[in-house]
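Descriptive analysis of the structure
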Amino acid sequence: MEGCSVPIVSPYENLEKRAFWRSGVAEADSYPPEAIYKPKFTISRETRILTAGSCFAQHVGRVLNTSGFSVIDTEPMPDSCPVQMQRQYGYGLYSARYGNLYSVRQFLQLLQEAYGLFEPSEPVWERDGRYYDALRPSIEPQGYETARHVQTARKAHLRAVREAFEQAQVVIFTLGLTEAWEHIESGTVYPTAPGTIAHSMDNTTFAFRNFRTREISDDFAAVRALIKARSPEVQFILTVSPVPLTATATTQHVLPATVYSKSVLRTVCGELYEDFNDVDYFPSYEIVASHPGKAAFFEKNLRSVSPAGVERVMRCFLEAHDGKESDQSSPKAKTPAPDISAEGLDRDDVQCEEALLEAFGK
């Protein structure tokens with residue numbers, strides 16, 4: 001109608017404060033900012049949680065466990081192993097003794113192997129007369145006496161992997177790297193380059209691989225399908241490790257190589273979050289590594305996340321998943337979550353094969 005003005009309405013007009021940089025970050029009263037994470041679904045202290053991923057994921061499982069959540073462990077430490085050597089031998093790091101799963105391809109191949117859908121090539125590596133499981137070379141620091149011992153131990157491990165995933169109601173997976181080393185003919189991906197812990201590098205057998213966004217997304221979709229075929233109600237929480245690369249095998253400087261790798265992983269997580277109702281994303285990477293944090297949560301090497309950084313990340317997670325909906329008649333539910341103090345987190349408590357690459361630096 002002539003003479004009538006049409007009110008201008010912006011789609012940004014009624015958004016929450018968290019949607020704007022000024023109110024959500026620059027003028028926020030705390031860091032990380034309030035409501036930085038609103039979960040799609042919450043977990044209680046009775047929810048059976050499986051943890052896996054890169055080195056930073058070790059903090060996730062440990063804090064959840066000490067906070068009274070039901071973290072699965074199908075390969076507990078035997079009585080013969082001294083407590084002080086538990087983590088050195090890969091016990092208590094994750095829900096089974098698979099060690100660090102730096103890439104989604106590594107995660108997928110572990111599941112496929114556990115269910116007889118994949119057979120890794122060159123699964124046993126040798127060094128100085130000792131034998132190592134190539135898919136988890138650091139879980140026995142001194143190696144095994146024979147290749148047969150490696151194979152026997154791996155069969156038992158794969159049974160534990162199946163048991164862990166079939167118990168899981170929520171899978172928390174931390175994506176760490178896009179860079180990997182693989183067996184050229186079979187595509188078998190290893191957690192570390194040949195020659196770092198055991199074996200030796202042979203350019204005719206092994207090759208460097210830097211996974212693309214679509215490859216990682218497709219790999220996770222395959223992981224999800226494999227797990228949900230056996231546990232249809234399972235849900236997933238993804239996060240990206242804030243730990244930079246120790247070294248890069250690309251031709252780039254390690255800093256842009258790190259930004260590229262983390263950007264790819266964050267993109268994948270964002271797309272999976274949008275594509276699947278049962279996939280959530282927790283911003284541990286953003287809390288620690290984004291510029292408003294001013295590197296305050298890193299050690300002096302600007303790579304290792306400090307105990308204070310771990311504390312801040314996990315406090316944010318626990319505040320969102322406080323277990324209020326849990327059955328209060330359960331003894332575990334009645335146990336109050338302990339205070340997460342930086343003093344209780346050991347800087348040297350994380351087992352990480354990638355950190356060994358530092359020894360090759362000049």
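It should be noted that the structure appears before, not after, this text.
Rules used throughout
- Residues numbered from 1 in each chain as written.
- Predicted model: local features only at pLDDT ≥ 70, side-chain atom pairs only at ≥ 80, totals over all residues.
- Heavy atoms only, no water.
- Pairing = 2+ DSSP bridges.
- Helix = DSSP H or I, 4+ residues; strand = E, 2+ residues; numbered from the N terminus.
- Contact = heavy atoms within 4.5 Å.
- Axes fitted to C-alpha atoms, helices over the stretch in contact; angles between N-to-C directions.
- Expected span 1.5 Å × (residues − 1).
- Buried < 20%, exposed > 50% of the residue type's maximum accessible area, 1.4 Å probe, protein only.
- Arc of directions from axis to C-beta.
- Core = buried A, V, L, I, M, F, W, Y, C linked by side-chain atoms within 4.5 Å.
- Phe/Tyr/Trp six-rings, centres within 6.5 Å; stacked < 30°, edge-to-face > 60°.
- Lys NZ or Arg CZ within 6 Å of the ring centre and 35° of its normal.

The next subject is the sheet that holds strand E2 (residues 70-71). Within the open sheet, the five strands sit side by side as E2-E1-E5-E9-E10. Their pairing is parallel. The two strands at the open ends of the sheet, each matched to only one other strand, are E2 and strand E10 (279-281). In this sheet, E10 lies alongside strand E9 (residues 235-240) in parallel orientation, the contact comprising three bridges. Looking at the pairing, Phe 236 lines up with Val 279 of E10. Together, strand E5 (170-175), E9 and E10 form the strand contacts of helix H5 (residues 213-228), whose direction differs from that of E9 by roughly 150 degrees.

Before going further, it helps to spend a moment on helix H6 (residues 254-275). With 22 residues, H6 extends 31 Å between its outermost C-alpha atoms, agreeing within 8% with the 32 Å of an ideal straight helix rising 1.5 Å per residue. Every buried residue of H6 is listed here: Ala 257, Thr 258, Ser 261, Lys 262, Val 264, Leu 265, Val 268, Cys 269 and Leu 272. For H6, the arc enclosing every buried residue in end-on projection is 150 degrees, short of the 170-degree limit, so these residues lie on one face. More than 90 degrees from the buried face of H6, the exposed residues found are Leu 255 and Glu 274. Contacts made by the buried residues of H6 are with E5, strand E6 (179-183), H5, E9, E10 and helix H7 (284-289).

Right, let's talk about the nonpolar core for a bit. One finds Leu 50 and Tyr 98 to be the most contacted residues of the largest nonpolar core, which totals 43 residues. Counting residues per element, the ones that place at least two in this core are strand E1 (48-53), helix H3 (104-114), helix H4 (147-167), E5, H5, E9, H6 and E10. It is H3 that provides the largest number of residues to this core, a total of six residues. For Tyr 98, the residues in contact, after removing those within four places along its chain, are Leu 50, Thr 51, Ala 52, Leu 110, Leu 135, Arg 136, His 157 and Val 161. In this structure, Leu 64, Val 71, Phe 282 and Ile 287 belong to the second largest nonpolar core, which totals 27 residues.

Here we take up the pairing of strand E4 (residues 130-133). Inspection of the sheet shows strand E3 (residues 124-127) paired to E4 by four bridges, in the antiparallel sense. Pairing of Arg 127 across the sheet is with Arg 130, part of E4.

This brings us to the packing of aromatic side chains. Scanning the model with the defined rule gives twelve aromatic pairs in all. Both rings, one in Phe 107 and one in Phe 173, keep their centres 4.4 Å apart while their planes meet at 10 degrees; by these two values the pair is stacked. Pair noted here: Phe 107 is in helix H3 and Phe 173 is in strand E5, with a separation of 66 residues, a long-range link. Residue class for Phe 107 comes out buried when judged on its relative accessible area of 0%. A residue is classified by how much of its surface remains accessible, and Phe 173, at 1% relative accessible area, is buried. Here the guanidinium or amino end of Arg 97 rests over the ring plane of Tyr 91, the centre of that ring lying 4.2 Å away. Note that Arg 266 overlies the ring of Tyr 281, its terminal NZ or CZ placed 3.8 Å from the centroid.

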